[in-house]
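What the coordinates show
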Amino acid sequence: MSQAQIDTLASLFDDAINVLKKEGALPADWQNNSQITRTKDTSHGDFASNIAMTAAKAAKTNPRALAEKIVNALPENKDIRQVDIAGPGFINVFLNAEAKFAVLDDIFALQERFGLSNQFEGQKVQVEFVSANPTSSLHVGHGRGAAFGMSVANLLQAVGYDVTREYYVNDAGRQMDILATSTYLRYLEANGEAIVFPVNGYQGDYVRDIANTVTTQHGNSYVHSFAQIAKDAPADAVFEINADGEKVVLSGDKEAHIDGLIANSKALLGDGYELFLNAALTSILADIKDDLSDFGVNYECWFSERSIDAEIAPVLQVLDEKGYLYEKDGNIWFKSTDFGDEKDRVVRRANGQSTYFASDIAYHKNKFDRGFDKVVNVWGADHHGYIPRVKAALLALGIDAERLDVVLVQFVALWRGDEKVQMSSRSGKFVTLRELRSEVGNDAARFYYVARKPEVHVDFDLELAKSQSKDNLVYYIQYAHARVCRVLDKLAASGLVVDDAVGAQQQALLTAPAEEEVIKLLAAYPATLLRAATGYEPHVLTNYLKELAALFHGWYDTNRILPLSLTSGEIPTQAELDMMQARLRLSKAVRQVLANGLGLLGLSAPSSM
């Protein structure tokens, strides 16, 4: 049964309910919130409705008695063969054979659009994801947010939303200052100045590469002595490693030291400071964009945190005018506890600088000012405590906080068989998303990143992801698609052709239990997409594809598609050809749905493996 026919069945029940309302068997204002579900056991029909169970209380009768009235009031429909009442009052619907095959007609008619809907047409949604600080390359943890966010955005688009994918570029604040100063110190080093690199600076070789580029472009124009940079800066931290391998601070303060270097660098360089900040930002952001693009993750908007600066003061003024700000110890606080947060939050420090939270308030107001009906933030699990304060700010601004959904994505652990891969860059083993993709490929990375619920930790087995076995789920699913392609290649080599018209005429031959299960699962695809999209659950789609591939492989292994006579050079009988065309039709439908689902997850659908 196609989605359109499911809607028709729901309409038939509505018609029956309206009859009962007119007869006084149900109150006129009773709202139908019942469900129509596919049965697991075909002996109980193709579909079951709980409508009598949900309406019995309002009808002041028992569900089974009400079910009888509903069945008697159901209009006739050519697709329905039989309607029974089961158990305490479930209504089971049996379809005519032609109706069961309607999903195949839909798949062949709609092809790559099968399963898509316009249910949320006209509604704008923004999905913000990854948004990693542009201070280094993306690591494997960012990869999960990237795969998850892109899949969610694709699914929302599949059900009709106008989707904007957005990356919030954290190009302001202290971390960017640390990056700029780290780059400047490496620049001094590249120009022959002896330096002592700070413990809290960015240590990677990419910082040296950026500094060398600045040197190539500007020579020694910005060189100052390291003594001037370090003048009056608090002493840096001095560590020792204890017996447990932990760092123990012996003296100094790494935070105060780097802040002193930043302040001196800004004072000495003046406008030149921006050159080092922008050089680092431009280089790293370009690397992030390339990495994500190669991963099949693209954005409609790269939103700069710096661009929000001018909106911070006005939004704080609004909160102040509403009575939600107060001063304490020189700081300006937001009364987030008035809206359920565990404590109030500082929005402007005593030194006059606004906090990161203040810019986040302005940023979220900006999102809704842009006209989004819904905003979805994909954040790391460590942001759990940040959600209440952001929603509190929205409520204080008069924005419905229910329009903001935050999905927290848990961490990723890498395994190579039974051995856990150390994530430290000092281990010498890969930690970046680019290196993971290089080892296992985009398809495996994207699939395993989204194959579990976002709130569940992912143990990523590198060896499994590269294996060519049914235990490797992405390979198992893609192989089902490739198997169909291989059958079609064999058919062409034999001199026979696919005749879709004959396949449609002969599809009633598909009566084997396995064939009926495959057809039922194909019909479930549109509802699966809807559930995966509205629940922000790509794993629902991966589970569906796994089940469809398993059903197909099981059917394929026990049912011949091409006539056995082809291998002996004999001429197939007409009965063999009719069955072949019917099974080719089913196989091609499976191939189409697998390709559609894989595409929404950003995975390829290979024709050979």
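Model, not experiment: these values are computed from the prediction.

Procedures and definitions
Residues numbered from 1 in each chain as written. Predicted model: local features only at pLDDT ≥ 70, side-chain atom pairs only at ≥ 80, totals over all residues. Heavy atoms only, no water. Helix = DSSP H or I, 4+ residues; strand = E, 2+ residues; numbered from the N terminus. Buried < 20%, exposed > 50% of the residue type's maximum accessible area, 1.4 Å probe, protein only. Contact = heavy atoms within 4.5 Å. Areas by Shrake-Rupley, 256 points an atom, 1.4 Å probe, with all protein chains shown as cover. Core = buried A, V, L, I, M, F, W, Y, C linked by side-chain atoms within 4.5 Å. Pairing = 2+ DSSP bridges. Axes fitted to C-alpha atoms, helices over the stretch in contact; angles between N-to-C directions. Arc of directions from axis to C-beta. Polar contact = N/O pair within 3.5 Å; in protein donor to acceptor, adjacent residues only side chain to side chain. Phe/Tyr/Trp six-rings, centres within 6.5 Å; stacked < 30°, edge-to-face > 60°. Parallel < 35°, antiparallel > 145°, perpendicular 65-115°, else oblique. Nonpolar A, V, L, I, M, F, W, Y, C, P; charged D, E, K, R; others polar. pLDDT = per-residue confidence, 0-100.

Secondary structure summary: the protein chain contains 24 helices and 17 strands in total. Along the longest, intermediate and shortest principal axes, the C-alpha atoms of the protein chain span 90 × 70 × 45 Å. Expressed as a percentage of its 609 residues, the buried residues of the protein chain come to 47%. Partitioning the contacts of the protein chain with sequence separation of at least 6, the portion at a separation of at least 24 is 71%. Looking at the protein chain as shown, the accessible area adds up to about 28000 Å², and 48% of this sits on carbon and sulfur atoms.

Moving on, we come to the nonpolar core. With 125 residues, the main nonpolar core has Tyr-449, Phe-460, Leu-522 and Tyr-544 as its most contacted residues. Residues contacting Phe-460, with those up to four places away along its chain left out, are Val-412, Ala-413, Leu-414, Trp-415, Leu-436, Val-440, Ala-444, Ala-445, Tyr-448 and Ala-465. By size, the runner-up hydrophobic cluster in this structure holds 32 residues, among which are Ile-308, Leu-316, Leu-319 and Trp-379.

Now for the pairing of strand S17 (residues 458–461). What you see with S17 is a clean split: Val-458 and Phe-460 sit on the buried side and Asp-459 and Asp-461 on the side with no burial. The sheet contact formed by strand S15 (residues 412–416) and S17 spans 4 bridges and is parallel. Bridging across to S17, Val-412 finds its partner in Val-458.

To continue, consider the side chain of Thr-164. Within the secondary structure, Thr-164 is located in strand S6 (residues 162–169). Residues within four places of Thr-164 in sequence aside, it is in contact with Val-125, Gln-126, Val-127, Glu-300, Cys-301 and Phe-372.

Take the sheet that holds strand S4 (residues 90–95) next. Strand order in this open sheet of 4 strands is S1-S2-S4-S3, and the pairing throughout is antiparallel. The strands lining the two open edges of the sheet, one partner per strand, are strand S1 (36–38) and strand S3 (80–86). Strand-to-strand twist in this sheet, taken as the mean axis angle between neighbours without regard to direction, amounts to 25°. Helix H3 (residues 63–73) rests against S3 and S4 of the sheet, and its axis sits at about 165° to S3.

This next bit is on H3. Of the residues making up H3, those classed as buried are Leu-66, Ala-67, Ile-70 and Ala-73. For H3, the buried positions fall inside an angular range of 125° around the axis, keeping them on one side. Near the N-terminus of H3, the side chain that reaches the backbone nitrogen of Arg-64, with its oxygen 3.1 Å away, is that of Asn-62.

Using the criterion set out here, one finds 27 aromatic pairs in the structure. Their ring planes at 80° and their centres at 6.4 Å tell us that Phe-295 and Tyr-449 sit as a pair that is edge-to-face. With a gap of 154 residues between them, Phe-295 in the loop between helix H11 (272–294) and strand S9 (301–304) and Tyr-449 in helix H16 (residues 442–450) connect regions that are remote in the sequence. Tyr-449 matches Phe-295 in its accessibility class, with the two residues each being buried.

Mapped onto the secondary structure, Ala-267 falls in helix H10 (residues 254–269). Under the relative-accessibility criterion, Ala-267 is labelled exposed at 66%.

Right, let's get into the packing of helix H6 (residues 140–158) against H16. Viewed as axis vectors pointing N to C, H6 and H16 meet at an angle of 80°, and their least axial separation amounts to 9 Å. When the interaxial angle is binned, H6 and H16 end up roughly perpendicular. Residues Val-140, Gly-143, Arg-144, Ala-147, Phe-148, Met-150, Ser-151 and Asn-154 of H6 pack against Arg-446, Tyr-449 and Val-450 of H16. Broken down by class, the residue content of the contact of H6 with H16 amounts to 6 nonpolar, 3 polar and 2 charged.

A few words now on H16. With 8 of its 9 residues buried, H16 lies for the most part within the structure. Listed in full, the buried residues belonging to H16 are Asp-443, Ala-444, Ala-445, Arg-446, Phe-447, Tyr-448, Tyr-449 and Val-450.

Once that is clear, we can look at the confidence of the model for the protein chain. Averaged over all residues, the pLDDT of the protein chain equals 92, while 97% of them reach at least 70. Here residues 425–430 is modelled with pLDDT under 50, and outside its nearest four sequence neighbours on either side it reaches 11 contacts, counting other chains as well.

So, about the sheet that holds strand S11 (residues 331–334). The strand order across the open sheet formed by 3 strands is S10-S11-S12, and the pairing between neighbours is antiparallel. With one partner strand each, in any of the chains shown, strand S10 (325–328) and strand S12 (345–348) form the two edges of the open sheet. Going from strand to strand, the sheet's axes swing by 45° on average, the running direction of each strand aside.

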